[in-house]
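Coordinate inspection notes
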Amino acid sequence: MAARRLRSGLGQLFATRTALGRGRRAYSMSQAFAEVLRLPSKQLTKLVFPLQELERHLVPGSRPDFHLKTFDPSLEDIAKSDSVFTATVRNRIEYLSSAVSLDHAPDLLCPEVCFIGRSNVGKSSLIKALFSLAPEVEVRVSKKPGHTKKMNFFKVGKYFTLVDMPGYGYRAPEDFVKMVETYLKERKNLMRTFLLVDSVVGIQKMDNIAIEMCEEFALPYVMILTKIDKASKGHLLKQVLEIQKFVDTKTQGCFPQLFLVSAVTYSGIHLLRCFIANITGNLKTNGFQVS
Ligand SMILES: Nc1nc2c(ncn2[C@@H]2O[C@H](COP(=O)(O)OP(=O)(O)OP(=O)(O)O)[C@@H](O)[C@H]2O)c(=O)[nH]1
Ligand SMILES: [Mg+2]
């Protein structure tokens, strides 16, 4: 099924490229993504659609609640969204500023997305991976939990801003609760909150508090499982099924589909770029937009 979809996606992409080659190119595919498309189909699925790759390990049809297709862009859409994340003279991707409170946050009208999660879960690393097509942008990561102390704002061209938040839990900044709660509650242009959970340890007590906060503020949020390169296939599948059940039964505002990522292997990064481009209104995928 996944392979068939992949082949048809690739077919579509190449058909589009040929068509575009005849006329004006609507977008130019990044070198990186062109290389991704040359991968054998199994490797391509693992890199671009890690959740679908896990599906192979389930008895077919046994988990109709496994939300694989809620956000289901074509490879062409994914290639297009890579260009949103590619730094060029006309698409400046840069660090804007840091803030310790909402009062100090840049006053912006464009859509914004933010990344929250426990200290050390991999927020800054994920942002760095999302910005791999803008290597000039410096995003600091550290082995030591509690490294990011302020809200760090990054501008992605004229498209949107992205915010790296300090982590909760171990070594969180003293005024963390006030800073982050006020931001989440009052930031007018905040379109989506990404809540990161470590795929090795799953949802922890502190994550539950963050989930409750997102629910209480009625924020639209999305759960991302990080560091999937560290978890064995079996463990990852178990976590995914458990968290999926939790999302389905215990949450209202959480997007039904989980996103799986690795900042080391880049698995899931292209799909997440596409989702962000879509929810910020910068990419209509196959004529639909996730609201
Ligand atoms: N293996 C692996 N390690 C990762 C991944 N993402 C992050 N790490 C490691 O996890 C540690 C913490 O990463 P950060 O990105 O700084 O985590 P953070 O959530 O920003 O942490 P704070 O700023 O302290 O809240 C670093 O040592 C990273 O190299 C991943 O996908 N795979
Ligand atoms: Mg950080």
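In this text, all values refer to a predicted model and were calculated from it rather than measured experimentally.

Before going further, it helps to examine unusual backbone geometry. As a rule of thumb, non-glycine residues mostly have phi less than zero, and peptide bonds are mostly trans rather than cis. Even without a glycine there, the phi angle at K227 is positive, about 55 degrees. With respect to the helices, strands and loops of the structure, K227 is situated in the loop between β6 (221–226) and α9 (233–250). Of note in this structure, Y266 is not a glycine but carries a positive phi near 70 degrees.

On to the coordination of the magnesium ion (ligand 2). Note on the magnesium ion (ligand 2): its protein donors are S124 (OG) and T148 (OG1). The metal-donor distances range over 2.1 to 2.2 Å. Remark: T148 occurs in the loop between α6 (123–130) and β3 (151–156) and S124 occurs in helix α6; sequence separation between them is 24 residues. Exposure class is identical for S124 and T148. Each is buried.

Attention shifts here to the site of ligand 1. The full set close to ligand 1 counts 23 residues, and K123, S125, G146, T148 and A263 are the nearest of them. K123 is positioned with one of its side-chain polar atoms (N or O) 2.7 Å from an oxygen atom of ligand 1. Residue S124 places a side-chain N or O atom 2.9 Å away from an oxygen atom belonging to ligand 1. For ligand 1, whose free accessible area comes to 650 Å², the fraction covered by protein is 87%. Class assignment for the residues of the shell around ligand 1 results in five nonpolar, eleven polar and seven charged.

A few words now on the nonpolar core. F115, F131 and F194 are the most contacted members of the largest nonpolar core, which totals 45 residues. The element best represented in this core is helix α10 (residues 269–279), accounting for eight residues. Beyond its immediate chain neighbours, meaning those up to four positions away, F194 contacts V113, C114, F115, I116, V222, I224, L272, F275, I276 and I279. Counting 43 residues, the second largest nonpolar core, distinct from the first, contains L54, L102, Y183 and L190.

Attention now goes to the packing of aromatic side chains. Under the defined criterion, the tally for this structure stands at twelve aromatic pairs. The interplanar angle of 65 degrees and the centroid separation of 5.8 Å between the aromatic rings of Y95 and F154 together place this pair among those described as edge-to-face. On the criterion of sequence distance, the pair formed by Y95 in strand β1 (residues 93–99) and F154 in strand β3 is long-range, its members being 59 residues apart. For F154, a relative accessible area of 2% translates into the label buried.

Moving on to the environment of T193. Among the secondary structure elements, T193 is positioned in strand β5 (residues 190–198). T193 sits in the buried class, given a relative accessible area of 0%. For the pair T193 and V163, spaced 30 residues apart in sequence, the C-alpha separation works out to 9.5 Å. Non-local contacts of T193, meaning those with residues more than four positions away in its chain, are made with C114, I116, L184, L219, P220, Y221 and V222.

Turning our attention to helix α8 (residues 205–216). Along its twelve residues, α8 runs 17 Å from first to last C-alpha, staying within 8% of the 16 Å computed at 1.5 Å per residue. Within the sequence span of α8, burial applies to D207, A210, I211, M213 and C214. The buried residues of α8 occupy an angular sector of 160 degrees when projected down its axis, which confines them to one face. Exposed positions of α8 whose direction lies more than 90 degrees from the buried face are K205, E212 and E216. Considering only its buried residues, α8 is in contact with β2 (112–117), α7 (176–186), β5, β6 and α9. At the exit of α8 stands A218, carrying a positive phi of roughly 55 degrees.

What follows concerns the packing of α6 against α10. The packing of two helices is summarised by the inter-axis angle and the distance between the axes. Running from N to C, α6 and α10 point in directions that differ by 85 degrees, and their axes come no closer than 10 Å. Taken together, the axis directions place α6 and α10 in an arrangement best described as roughly perpendicular. From α6, L126, A129 and L130 reach across to α10, where they touch I269, L272, R273 and I276. Classifying every residue of the contact of α6 with α10 by side-chain character gives six nonpolar, no polar and one charged.

What counts and how
- Numbers given for residues are sequential positions, taken from 1 along each chain in its written order.
- As a convention, the first chain written is A and the first ligand written is 1, with the rest following in written order.
- Residue-level local features of this predicted model are given only where pLDDT is at least 70; pairs of side-chain atoms are given and counted only at 80 or more, and the full residue set underlies all totals for whole chains, interfaces and linings.
- The basis for every side-chain value is the complete set of non-hydrogen atoms in the structure, without hydrogens or water.
- Going along the chain from the N terminus, every DSSP run of H or I of four or more residues is numbered as a helix, and every run of E of two or more is numbered as a strand.
- Any N, O or S atom lying within 2.8 Å of the metal counts as a donor, with the limit raised to 3.2 Å for Na, K and Ca; because water is left out of the atom set, some sites can appear incomplete.
- When a residue's accessible area, from a 1.4 Å probe over protein chains only, is under 20% of the maximum for its type it is buried; when over 50% it is exposed; and in between it is partly exposed.
- Any residue with a heavy atom lying within 4 Å of a molecule or strand is counted as near it.
- Polar contacts, as used here, are pairs of N or O atoms within 3.5 Å; protein pairs need one atom able to donate a hydrogen and one able to accept it. Residues neighboring in sequence count only if both atoms are side-chain atoms.
- Surface exposure here means Shrake-Rupley accessible area, sampled with a 1.4 Å probe, where a residue is shielded only by the protein chains that are shown.
- Lys, Arg, Asp and Glu make up the charged group, whereas Ala, Val, Leu, Ile, Met, Phe, Trp, Tyr, Cys and Pro make up the nonpolar group; the residues left over, Gly among them, are polar.
- Residues grouped as a nonpolar core are buried Ala, Val, Leu, Ile, Met, Phe, Trp, Tyr and Cys residues, joined through side-chain atoms within 4.5 Å.
- Note on definitions: a residue-residue contact is assigned when non-hydrogen atoms from the two residues lie within 4.5 Å.
- We call Phe, Tyr and Trp rings a pair once their centres come within 6.5 Å, taking the six-membered ring for Trp, and we label the pair stacked below 30 degrees between planes, edge-to-face above 60, and tilted otherwise.
- By definition here, a helix of n residues has an expected span of 1.5 Å times n minus one.
- The directions considered for the arc run from the helix axis to the C-beta atoms.
- Each axis is a line fitted through C-alpha atoms, taken for helices only over the stretch in contact, and angles between the N-to-C directions span 0 to 180 degrees.
- Every angle not falling under 35 degrees, over 145, or within 65 to 115 is termed oblique; those three ranges are roughly parallel, roughly antiparallel and roughly perpendicular.

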